[in-house]
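Residue-level listing of the chains:
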Amino acid sequence: MLFSRDLRSAPAPRALPLGFADGQVEALKWLGMAAMLLDHIGRLLMGHGEQSWVFAVSRTAFPLFALSMALNLARAGDRPARALRTARRLALWCAISVLPSIWARGDPWLVNVLGTLALGAVVCWAFESDATPGRRLAAALAAIAISPVVEFDLPGVLLIAGLYLWLRHGRADLAVLAAVLLALTGWLNAVFGGLQAFAGTVAVVPLAALVRMLPLPVPRVQWLFYAAYPAHLAVIGVMRQSWVG
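Residues numbered from 1 in each chain as written. Predicted model: local features only at pLDDT ≥ 70, side-chain atom pairs only at ≥ 80, totals over all residues. Heavy atoms only, no water.

Visitor: How do you make sense of the overall build of the protein when you look at a structure like this?
Guide: The secondary structure content of the protein amounts to 12 helices and 0 strands. Mapped from its N terminus to its C terminus, the protein presents α and β elements in the order α-α-α-α-α-α-α-α-α-α-α-α. The C-alpha atoms of the protein give a radius of gyration of 19 Å, which matches the 18 Å a tight globule of 245 residues would have. Seen through its principal axes, the protein has C-alpha atoms that stretch 70 × 40 × 35 Å. A total of 245 residues make up the protein; the buried ones form 47% of that total. Put simply, 73% of the contacts in the protein that link residues at least 6 apart link residues at least 24 apart. A total accessible area of about 12300 Å² is found for the protein, and carbon and sulfur atoms account for 71% of it. Across the protein, the 20 positively charged side chains and the 12 negatively charged ones have centroids separated by 6 Å. (Helix = DSSP H or I, 4+ residues; strand = E, 2+ residues; numbered from the N terminus. Rg over C-alpha atoms; globule rule 2.2 N^0.38 Å. Buried < 20%, exposed > 50% of the residue type's maximum accessible area, 1.4 Å probe, protein only. Contact = heavy atoms within 4.5 Å. Areas by Shrake-Rupley, 256 points an atom, 1.4 Å probe, with all protein chains shown as cover. Lys, Arg positive; Asp, Glu negative; His and termini not counted. Charge placed at Lys NZ, Arg CZ, Asp CG, Glu CD.)

Visitor: Which parts of the structure should I look at to understand the side chain of Glu26?
Guide: One can find Glu26 in helix H2 (residues 22-45). The class of Glu26 is buried, set by a relative accessible area of 4%. Beyond its immediate chain neighbours, meaning those up to four positions away, Glu26 contacts Val218, Pro219, Arg220 and Val221.

Visitor: Honestly, the packing of helix H9 (residues 172-193) against helix H10 (residues 195-202) in this entry has me stumped. Any pointers?
Guide: For any two helices packed against each other, one specifies the crossing angle of their axes together with the interaxial distance. With their axes 7 Å apart at the nearest point, H9 and H10 run at an angle of 150° to one another. Taken as axis vectors, H9 and H10 run roughly antiparallel relative to one another. Handedness of the H9/H10 crossing: right-handed. Counted together, Leu182, Ala183, Thr185, Gly186, Trp187, Asn189, Ala190 and Gly193 of H9 and Leu195, Gln196, Ala197, Phe198, Thr201 and Val202 of H10 form the full contact between these two elements. Partitioned by chemical class, the residues of the contact of H9 with H10 number 8 nonpolar, 6 polar and no charged. (Axes fitted to C-alpha atoms, helices over the stretch in contact; angles between N-to-C directions. Parallel < 35°, antiparallel > 145°, perpendicular 65-115°, else oblique. Left-handed = near helix turned anticlockwise from the far one by under 90°. Nonpolar A, V, L, I, M, F, W, Y, C, P; charged D, E, K, R; others polar.)

Visitor: Just checking my understanding: could you explain the nonpolar core for this structure?
Guide: Here is a general trend for soluble globular proteins: nonpolar side chains tend to be buried in one another's company. Among the nonpolar cores identified, the biggest contains 57 residues, and Leu28, Phe62, Leu71 and Leu117 are the most heavily contacted of them. If one sorts the elements of this core by residue count, helix H4 (residues 61-74) sits on top with 11 residues. If we skip the residues at most four places from it in the chain, Leu117 touches Phe62, Phe65, Ala66, Met69, Leu90 and Ile160. Formed by 6 residues, the second largest nonpolar core is a distinct cluster that contains Leu119, Val150, Val157 and Ala161. (Core = buried A, V, L, I, M, F, W, Y, C linked by side-chain atoms within 4.5 Å.)

Visitor: Help me understand the packing of aromatic side chains, please; the structure alone is not making it clear to me.
Guide: Remark: the centre distance and the inter-plane angle together describe each pair of aromatic rings, the angle taken between the planes. Applying the stated criterion across every chain, the model contains 7 aromatic pairs. Note on Trp30 and Phe225: the rings are 5.5 Å apart at their centroids and 90° apart in plane angle, and the pair reads as edge-to-face. Of this pair, Trp30 sits in helix H2 while Phe225 sits in helix H12 (residues 222-244), and the two are 195 residues apart along the sequence. Judged by its relative accessible area of 25%, Trp30 is partly exposed. Ring centres of Phe62 and Phe152 lie 4.5 Å apart, and the angle between their planes is 15°; this geometry places the pair in the stacked category. Of this pair, Phe62 sits in helix H4 while Phe152 is found in the loop between helix H7 (133-146) and helix H8 (153-169), placing the two residues 90 residues apart along the sequence. (Phe/Tyr/Trp six-rings, centres within 6.5 Å; stacked < 30°, edge-to-face > 60°.)

Visitor: Looking at this model, I keep getting lost on unusual backbone geometry. Mind explaining?
Guide: Trans peptide bonds make up most of the peptide bonds, and negative phi angles are found at most residues other than glycine. Phi angles above zero are rare outside glycine, and Leu18 is one such case at about 60°. Overall, the relative accessible area of 40% leaves Leu18 in the partly exposed class. Phi angles above zero are rare outside glycine, and Phe152 is one such case at about 70°. According to the relative accessible area criterion, Phe152 is buried, its value standing at 15%.

Visitor: Would you mind going over the pattern of salt bridges with me for this structure?
Guide: Any two side chains of opposite charge can pair, so long as their charged atoms come close to each other. Scanning all chains against the criterion turns up 7 salt bridges. Members of the salt-bridge network, linked through shared partners, are Asp39, Arg43 and Arg59. (Salt bridge = Lys/Arg side-chain N within 4 Å of Asp/Glu carboxyl O.)

This is the structure in structure tokens:
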């Protein structure tokens, strides 16, 4: 009887949309990290420009981050609480990463990609929360207003929300919306890197489909992922300073 009671009280698995498994979502996230490392090492340390293959290939990084986060936010459970918790965590690590980001890139005005992801989580919270409509609208508008100072600008923030809505509800019109927002993010990349940068952005679609087909039992190491972001920027900053010196 005790064993039966324990089984009944155990939390139900929180299913992911589109049939993704937890390990596959983690694989998406770490593939995004690998693409981002290629970008930062290639452009910041090795001098590859925005018209290079490095920039084009690394454009998969942000859509992979956006997709993996949207999948996690859309899974079954208390979605508003999860979105708010995720936004707070990302905002904290974004703040921790500000100085390493400036050190590595030399740009004090553009907030790093963790800020983009945090704002996207805020918009997702606004869709799901049972807070007053005024509070939800204010949160979404604030996220949109701040978006020009984060990486990938407004298209990046809205891409996260668009993916979330599609994964959450599974409607064809929301799939079209997500595709349009992905194309807008690709266009933003193409402004700097040309057609190959656009192709690199939308390559997330076949890449995600391939990941979903493979058995990838990648374990979740959440805090390592967050800590790796400011750590690698700090290392790049040190290397750049030592080379310049």
